[in-house]
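Summary of structural features
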Amino acid sequence: MQDLTSRDRIAGLVLARPDRVLGMEPFMADVVQGIEEYFAGRRCSLLIEFTADVAGEIEIWRRWVANSYVDGIVMVDLRSEDPRLDELVRLRTPGVLLGGPELQAPITNVLVDNAEGARAAVRALADLGHRDIARVSGPRDMVHCQARDEAFIATCAERDVQGELIEGDYSEDSGREATRQLLTGDRVPSAVVYDNDLMAIGGLTVAKELEVAVPEELSVIAWDDTAVARLAHPPLSVVTVDVHGLGTIVGEAILAAMDGADVTTYHVPKPTIRLTPSTTSRT
């Protein structure tokens, strides 16, 4: 590494997404804004690259480290048996994982309680009288999606609600495809919880095409309180965390890691539900 006193430090972030999702979705845009806000005035910058998969992400990391481009790495979207954890240790580069799981990673992590968000969504809908709820998830190899899936199914059982899972990939297209499958199937849910705002927007589009009224016939909740969710028509009910604030915590964590701090877990406030006109009672 170059002498850190001679230049600003750089933290790297790679977003591995399928081709149709490749880019900065609203959630990550808000996280990045929070990171950069924390970095402001602290002589640190954020380097972002995009790739299609985890293998491509690892190759980018190796290039960064080989060329001394970065002083630390922010890792997102932990997968089952994720090879990136071992790779980060091998590269001997300070790192921070956004999303947990708590104390099970060999690097500092910023923990979001994904299970609680899923439980809160089901409880809110069940309290409104919904008895048939679907969940459109992100890719199921992602650990946070697995936590949400398990909590969703368990809470549906606790509240005597029929629960159905469909896998998406965070794209608006996958939200449309999943919603069309749900609304034209044998058992049509009265509510759908989407794993992000883009898939929910796709769902609203299909509901309009099929003349399924939102919220009278279909209530919708999206994960993440972003501008996209607030500007949708109708505005989306959300599983909300302070995404911008989450980014500032990630910025604090990666700076501390680059300064040599011990591996630790940063906790963020539990997700809550904010109901809007995209959700209504069934009673």
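As a reminder, the structure under discussion sits directly above these lines.
Residues numbered from 1 in each chain as written. Predicted model: local features only at pLDDT ≥ 70, side-chain atom pairs only at ≥ 80, totals over all residues. Heavy atoms only, no water.

1. Things to note about the packing of aromatic side chains
Just so we agree on the cut-off: Paired rings are identified among Phe, Tyr and Trp, the last through its six-membered ring, by centres lying within 6.5 Å, and are further divided according to the angle between planes into stacked (under 30 degrees), edge-to-face (over 60) and tilted (the rest). Remark: a charge is flagged as sitting over a ring if the NZ atom of Lys or the CZ atom of Arg is within 6 Å of the ring centre and within 35 degrees of the ring normal.
Scanning the model with the defined rule gives zero aromatic pairs in all. Note that R42 overlies the ring of Y38, its terminal NZ or CZ placed 3.9 Å from the centroid. Its end group placed over the ring of W223, R148 keeps NZ or CZ at 3.6 Å from the ring centre.

2. Remarks on the sheet that holds strand 5 (residues 108–111)
Stated precisely, the cut-off is as follows: Two strands are counted as paired when DSSP detects at least two bridges linking them. By the criteria applied, helices consist of DSSP H or I runs no shorter than four residues and strands consist of E runs no shorter than two, each listed in order from the N terminus. An axis is simply a line fitted to the C-alpha atoms; with a helix, the fit covers only the stretch in contact. Between two such axes, the angle follows the N-to-C directions and lies from 0 to 180 degrees.
Across the sheet, six strands lie side by side as 2-1-3-4-5-11; this open sheet has parallel pairing. Each end of this open sheet is capped by a strand with a single partner; those strands are strand 2 (44–51) and strand 11 (265–267). Strand-to-strand twist in this sheet, taken as the mean axis angle between neighbours without regard to direction, amounts to 20 degrees. Here strand 1 (residues 9–16) runs beside strand 2; their pairing, made up of eight bridges, is parallel. Opposite I10, over in strand 2, you have S45 as the bridge partner.

3. So, the packing of helix 6 (residues 172–183) against helix 7 (residues 197–209)
How we decide: Note that the term roughly parallel is reserved for angles under 35 degrees, roughly antiparallel for angles over 145, roughly perpendicular for angles of 65 to 115, and oblique for everything else. We call a crossing left-handed when the near helix sits turned anticlockwise from the far one by less than a right angle, and right-handed when that turn is clockwise. Throughout, a contact is declared for two residues whenever any of their heavy atoms are within 4.5 Å. Residue polarity follows a fixed list, in which Ala, Val, Leu, Ile, Met, Phe, Trp, Tyr, Cys and Pro are nonpolar, Asp, Glu, Lys and Arg are charged, and the others, Gly among them, are polar.
One can describe the packing of helix 6 onto helix 7 by two numbers: an axis separation of 7 Å at closest approach and a directional angle of 45 degrees. In this view, helix 6 runs oblique relative to helix 7, as classed from their interaxial angle. The handedness of the crossing between helix 6 and helix 7 comes out as right-handed. Touching E172, S174, G175, R176, T179, R180 and L183 of helix 6 are L198, M199, I201, G202, G203, T205, V206, A207 and E209, all from helix 7. Across the contact of helix 6 with helix 7, the residue classes tally to six nonpolar, six polar and four charged.

By themselves these figures say nothing about function.
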